[in-house]
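# Structure at a glance
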Number of protein chains: 2
Amino acid sequence: MRRISTRLADGRELLYFDSEVTAASTDRSTVFDSRDLEVTATASEIRHDALLDEWVAIASHRQGRTHLPPADQCPLCPSGGGRQTEVPAEDYDVVVFENRFPSFASRVDPAAELPETDERRPGLGRCEVVCFTSDHDTPMSRLPPERIRLVLDAWVDRSADLAALPFVEQVFVFENRGEEIGVTLGHPHGQIYGYPFVTPRTQLMAQAARRHRERTGRDLYADQLARELADGCRIVTSSQHWVAYVPFAARWPVEVHLQPRRAVPDLPSLDAAVRDDFPHVYLDVLRAMDSLYDAPLPYISAWHQAPVRVDRDLVSLHLEVFSIKRAASKLKFLAGSESGMGAFVNDIAPEQIAATLRAALPR
Amino acid sequence: MRRISTRLADGRELLYFDSEVTAASTDRSTVFDSRDLEVTATASEIRHDALLDEWVAIASHRQGRTHLPPADQCPLCPSGGGRQTEVPAEDYDVVVFENRFPSFASRVDPAAELPETDERRPGLGRCEVVCFTSDHDTPMSRLPPERIRLVLDAWVDRSADLAALPFVEQVFVFENRGEEIGVTLGHPHGQIYGYPFVTPRTQLMAQAARRHRERTGRDLYADQLARELADGCRIVTSSQHWVAYVPFAARWPVEVHLQPRRAVPDLPSLDAAVRDDFPHVYLDVLRAMDSLYDAPLPYISAWHQAPVRVDRDLVSLHLEVFSIKRAASKLKFLAGSESGMGAFVNDIAPEQIAATLRAALPR
C-alpha cells in the first residue's frame, strides 16, 4: 500500500491509498487541484443538552451542501474530460479527503468564534470522506476482497491520525448507503468523524461495560460473543478471526454485528492476520444482505471504537451493520417510540433474520 | 365530558369521549361491534440489550399490520354505509381503543409464553389508538380548541388508567403525523404506549436531573425554563400557564418544547386552568409549523411524563414536537452519526427556527 498526502485548492487534505500495482504505474506528484475553490466557512458549534446531558452539534453552514447531483456531475468521481471533481487524479483506488461541508472542522470560522462555556464550544473536530472506488456504479458489496482490504488500511490510517488530534475524543468510521437513509451522493463512499466529545451511545456502552465488570469481573464484549457462539441460532457466518451475528436484542429489522474473536479497542489495534481475514466475512454479509430483497439494501455500517482517551479497556471494536428495510416495499421508520423515547420495537425476530441471511450467503 | 367504555368484537376495549353537546344527543348503549373478528395473537417480548443496558421490544406479529389503506377503507373512520370499521358508532368526537397490532399487550399469546429471565420477558403492556376526530381530512392543527381540550381529557384519562396497570412502568402519549415519518394510517390519530420498562430516554433524563439536583440542589426543568425565558431568543410563544420554545441544544431542524410554567410529573397532575390554557398554545405552534413550507409539516409530538413508580420528583411533564423536514424538499435523516452514535448534527440554528416560527404565528 502506498499513502500519499496532498492538498486541495482550498487547503483541505486529500490522501491517496494506492495498491502496489497502482503505485508502480502511477505518479501522483504531478497532479494537483487547479480549481478556483473558495474556502468554505465552517461555523459549527457544539451545545450541551442539559435535559439529557449530551452534546449536540449545530452546523448551519451545511444546509447548502450538494444534494443528489446527477451521475455526470458526481464530485467523487475522478477528474477528467475537462471536468474537475473533488479528486484531481484521473483514476484512483481509495481516496480520502476532508469534507467540504463538515459537521466538525479543525479550522473554525473566526467570525463565528464563541467564548467557550460549559454549554457551548466551537465544533472542533474533523470530517473526512472515503471513496472506496473510482467506479461510480460498483458498491462496496461488489468490490473484490483486495479492495476492501485497502479500504481497511485507509480506515486504520485515518483512525490513528484523527485520534492524534488534540481536540478529538472519538473516531467514528461509517458508511451510509442508499437514498432511503438520506445519502446525498450515489458514489460508493463512507465517512469518518473525529468528534470533540465521546458520543452518547459510546458513553452508554462504556457505562454498561463498567457495571458488568464491577458485577462479574469479566469483559462484557467477550461474554456477549461467547453467549452468541453458545446459542448459535443467530450466527450468520464466521471465520478464523471474525464472527458475524444478529444480536439477541436487535433493534433493526436487519442488523448484523461483526466482532473480532479477540477483543481490541480500535481499528489500529487489529493485527495483520485479523485484517486480512476481514474482507471475506464482510463481503459475505453484505452480499447476503443485498440478496434479501433482490435490490441493493440501504444500510448504515458503523464501526464502534473505544474513545481516544478514556475507557479504552471497556469498549471493544466491532462493526454494526443495519438496515431500515423491513420488507421489499416497507421501511422501518424511527417514529414516536424510537425517536421520542429511545425505545425500539423490532418487527422481525432476530433468529428469523439470521436464518434468512444464512440461507442467502454466497456459496 | 362523557366517557363510555365498551368492547370490540375481539374483546379489545374502546372508549368514547363525548363533548357535552354530543352526550346530550347520542346514545352509545345501542351500538356494538358485530364484526366477525378473530382475536389477534400477540407474541411480543422484550429483550435486554446488554451492550447498552436497554430493553428492546420484539413484536414480529406486527409485520402484517394495515399499511396506508385508501381513504374509503380507513379503519379509523366511523362505521356506516354498510362498512364496519374499528369504531362501531356512526359518528364520534374522540375515541380511544386498544391497538389491533400492539407492540405490547396485556394478554400475551400463551403459545409464545416464555420463562422470565434477566434477558427476556413477555411484552406485557398496553397500546392504544386515539382518534382526534371522525373527520378523515382534518388534522390536529385545524381542529377547534374545544376539541383539543377533549383530546387532552382523553390523554389524562388514559395516562391515569394505564399507570394503574401492575405491569406498566411508563406511559407515553404521542402523535406521528405524515407519511415521511412512516405513518401507516392517514386518519388524524395519536397513540399511547404503556411500557413494561422505563424507556431509555427517560432513564437518561432522570439521571441528568438527579445529577443536577445533587450538584445544585435545584430542579433541572425549572432551571431550564428560567434560562430559556431569560435568554428569550428561542421563545416561540407563551401563555399564562405554558411556554413554547426551541431548546438551546435542539436536535431536529424544527423542534419546539411546550412546558407548563409550574412543574408537574404527568398529565393527570395538570389542574383545570392549565388544561384549559393548553389548546391555544398548542394550536398556535402547530399552525406556525404547518405554514413553514406551505404544506402540512410531518412531525412527531411526544409527551414526556415521569415514570409511574420511580423518579417522579425528577422528570417533569413536557411536550416535545419535532420534525425531520429541514427544507421544503429535504428531510433530515437519522444516518450514521445519529443512528450509529446517538450524536445529532442539526443543520438549522435553534435561534433561526425560533424566529421563523414566531413570524409564522397566527395573528
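Below is a summary of the structure that appears in this document. On a predicted model such as this, the values are computed, not experimentally measured, just so you know. (Residues numbered from 1 in each chain as written. Chains lettered and ligands numbered in written order. Predicted model: local features only at pLDDT ≥ 70, side-chain atom pairs only at ≥ 80, totals over all residues. Heavy atoms only, no water.)

## Some thoughts on the packing of helix 3 (residues 200–216) of chain A against helix 4 (residues 220–231) of chain A
All names here are of chain A. Orientation of helix 3 relative to helix 4, taken along the N-to-C sense of each, is 85 degrees, at an axis distance of 9 Å. The pairing of helix 3 with helix 4 is recorded here as roughly perpendicular in orientation. Across the interface between the two elements, M205, A208, A209 and H212 from helix 3 touch L220, Y221 and D223 from helix 4. Tallied by class, the residues present in the contact of helix 3 with helix 4 amount to 5 nonpolar, 1 polar and 1 charged. (Axes fitted to C-alpha atoms, helices over the stretch in contact; angles between N-to-C directions. Helix = DSSP H or I, 4+ residues; strand = E, 2+ residues; numbered from the N terminus. Parallel < 35°, antiparallel > 145°, perpendicular 65-115°, else oblique. Contact = heavy atoms within 4.5 Å. Nonpolar A, V, L, I, M, F, W, Y, C, P; charged D, E, K, R; others polar.)

## Side note on the packing of helix 2 (residues 145–163) of chain B against helix 5 (residues 272–290) of chain B
Residues and elements named next belong to chain B. Two elements in contact, helix 2 and helix 5, have axes whose closest approach is 9 Å; the angle formed by their N-to-C orientations is 125 degrees. One element, helix 2, and the other, helix 5, form an angle in the oblique class. Note on packing geometry: the crossing formed by helix 2 with helix 5 is right-handed. Where helix 2 abuts helix 5, its residues P145, I148, R149, L152, D153, W155 and V156 lie against A272, R275, D276, F278, P279, H280, Y282 and L283. Looking at the contact of helix 2 with helix 5, its residues break down into 10 nonpolar, 1 polar and 4 charged. (Left-handed = near helix turned anticlockwise from the far one by under 90°.)

## Section: the relation of the copies chain B and chain A
It takes a turn of 180 degrees to lay chain B on chain A, together with a shift of 0.0 Å along the axis; the resulting RMSD is 0.0 Å. When the rotation and shift are considered jointly, the pair of chain copies conforms to a two-fold rotation axis. Proximity to the rotation axis, assessed at the C-alpha, singles out L334(B) in chain B; its C-alpha lies 4.2 Å from the axis. Take the interface residues of chain B: 100% of them recur as interface residues in chain A, which is what a same-surface contact looks like. (Least-squares fit on C-alpha atoms with pLDDT ≥ 70 in both.)

## Concerning the pairing of strand 11 (residues 242–245) of chain A
All names here are of chain A. Neither face of strand 11 is left uncovered, since the one carrying W242 and A244 and the one carrying V243 and Y245 both have all their residues buried. Pairing between strand 10 (residues 235–238) and strand 11: 3 bridges, direction antiparallel. Along strand 11, the bridge assignment pairs T237 with A244. Counting the residues that bridge the hairpin from strand 10 to strand 11 gives 3 residues. Bridge analysis of strand 11 against strand 12 (residues 254–260) gives 4 bridges, and the strand direction is antiparallel. Within strand 12, the position partnered with A244 by the bridge is L258. (Buried < 20%, exposed > 50% of the residue type's maximum accessible area, 1.4 Å probe, protein only. Pairing = 2+ DSSP bridges.)

## Points about the sheet that holds strand 11 (residues 242–245) of chain B
Residues and elements named next belong to chain B. Strand order in the open sheet formed by 11 strands is 1-2-5-7-9-8-13-14-12-11-10, with antiparallel pairing between adjacent strands. On the outer flanks of this sheet lie strand 1 (2–7) and strand 10 (235–238), each paired with one strand and no other. Averaged over all neighbouring strand pairs, the angle between strand axes comes to 20 degrees, with direction disregarded. For strand 5 (residues 94–98) and strand 7 (residues 126–131), the ladder comprises 4 bridges, and the chain directions are antiparallel.

Limitation: the analysis is restricted to geometry and does not speak to function.
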